[in-house]
Amino acid sequence: QVQLVESGGGLVQPGGSLRLSCAASGRIFRINAMGWYRQAPGKQRELVAVISSSNTINYADSVKGRFTVSRDYAKNMVYLHMNSLKPEDTAVYYCNGNLRAVDDTNLRNYWGQGTQVTVSS
C-alpha cells in the first residue's frame, strides 16, 4: 500500500511564507513525478507545481517566481516553498505522486489527504 502524507499548512498573512512537505511511503517500486495541486472553494483542482524524475519542473503561471518545488529522492519527499503569498493562494493543497507500486505494472496517480493553506490578514 502506498501513502502520501502532507504537512506544513496553516494561516499566514499576505506577503508571508510557508513550506509544505509531503512524504511518500509504502511498497513503492519507482516514483516518476511528484508535485502539488490545489483546490479553492467552488473551483476545480489545479496544478501548482510538478517535478519529474529528470528534474523537469513545471509551475502554474500564477505561482511562477513565488513558489519553488523541490524533491529529496532518497527520502521520497517533495516540498513546496511558498513566498509572497496572496489571498488568492488560499486553498487545500494536495500532494501528488505519479508512481509505480511494487505489486503493480503501471504508473498511477496517488494523492495525499490535503492540507489547508489560508492567506489572510
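In this report, we go over the structure that sits alongside the text. Predicted, not measured: the structure shown is a model, and the values here were computed from it.

1. Focus: the nonpolar core
Grouped together as the largest cluster of nonpolar side chains are 30 residues, with contacts concentrated most on Trp36, Val48, Phe67, Val78, Leu80, Met82 and Tyr93. Where this core is concerned, the elements lending two or more residues are strand E1 (2-7), strand E3 (18-26), strand E4 (28-39), strand E5 (46-52), strand E7 (67-72), strand E8 (77-82), strand E9 (91-101) and strand E11 (115-119). The leading source of residues in this core is E9, at 5 residues. What methionine 82 contacts, discounting residues up to four positions off in sequence, is Gly16, Ser17, Leu18, Leu20, Arg66, Phe67, Tyr93 and Val117.

2. Overview of the packing of aromatic side chains
Scanning all chains against the criterion turns up 1 aromatic pair. When the ring of tyrosine 37 is compared with that of tryptophan 111, the centres are 5.0 Å apart and the planes differ by 70 degrees; the resulting orientation is edge-to-face. Highlighted residues: tyrosine 37 in strand E4 and tryptophan 111 in strand E10 (residues 108-111), separated in sequence by 74 residues. Overall, the relative accessible area of 23% leaves tyrosine 37 in the partly exposed class. Taking NZ or CZ as reference, arginine 45 lies 3.7 Å from the ring centre of tyrosine 94, over its face.

3. Here we look at the sheet that holds E8
Taken together, 4 strands build an open sheet; the order of strands is E1-E3-E8-E7 and the sheet is antiparallel. What marks the edges here is a single partner per strand, and that holds for E1 and E7. Going from strand to strand, the sheet's axes swing by 15 degrees on average, the running direction of each strand aside. Sheet analysis places E7 next to E8, joined by 6 bridges and oriented antiparallel.

4. Quick look at the state of the cysteines
Tallying each qualifying case throughout the model produces 1 disulfide. With a sulfur-sulfur separation of 2.0 Å, cysteine 22 is cross-linked through a disulfide to cysteine 95. Disulfide cysteine 22-cysteine 95: torsion about the S-S bond near -80 degrees, hence left-handed. Note that cysteine 22 is positioned in strand E3 and cysteine 95 in strand E9, a separation of 73 residues in sequence. Like cysteine 22, the residue cysteine 95 is buried in the burial classification.

5. Observations regarding unusual backbone geometry
A positive phi angle, near 55 degrees, is found at asparagine 76, a position not held by glycine. With respect to the helices and strands, asparagine 76 occurs in the loop between E7 and E8. Residue asparagine 76 is classed as partly exposed on the basis of its relative accessible area, which comes to 25%. Positioned with a positive phi, serine 84 is a non-glycine residue whose angle comes to about 50 degrees. Note on placement: serine 84 falls in the loop between E8 and E9. A relative accessible area of 42% places serine 84 in the partly exposed class.

Basis of the calculations
- Residues numbered from 1 in each chain as written.
- Predicted model: local features only at pLDDT ≥ 70, side-chain atom pairs only at ≥ 80, totals over all residues.
- Heavy atoms only, no water.
- Core = buried A, V, L, I, M, F, W, Y, C linked by side-chain atoms within 4.5 Å.
- Buried < 20%, exposed > 50% of the residue type's maximum accessible area, 1.4 Å probe, protein only.
- Helix = DSSP H or I, 4+ residues; strand = E, 2+ residues; numbered from the N terminus.
- Contact = heavy atoms within 4.5 Å.
- Phe/Tyr/Trp six-rings, centres within 6.5 Å; stacked < 30°, edge-to-face > 60°.
- Lys NZ or Arg CZ within 6 Å of the ring centre and 35° of its normal.
- Pairing = 2+ DSSP bridges.
- Axes fitted to C-alpha atoms, helices over the stretch in contact; angles between N-to-C directions.
- Disulfide = S-S within 2.5 Å.

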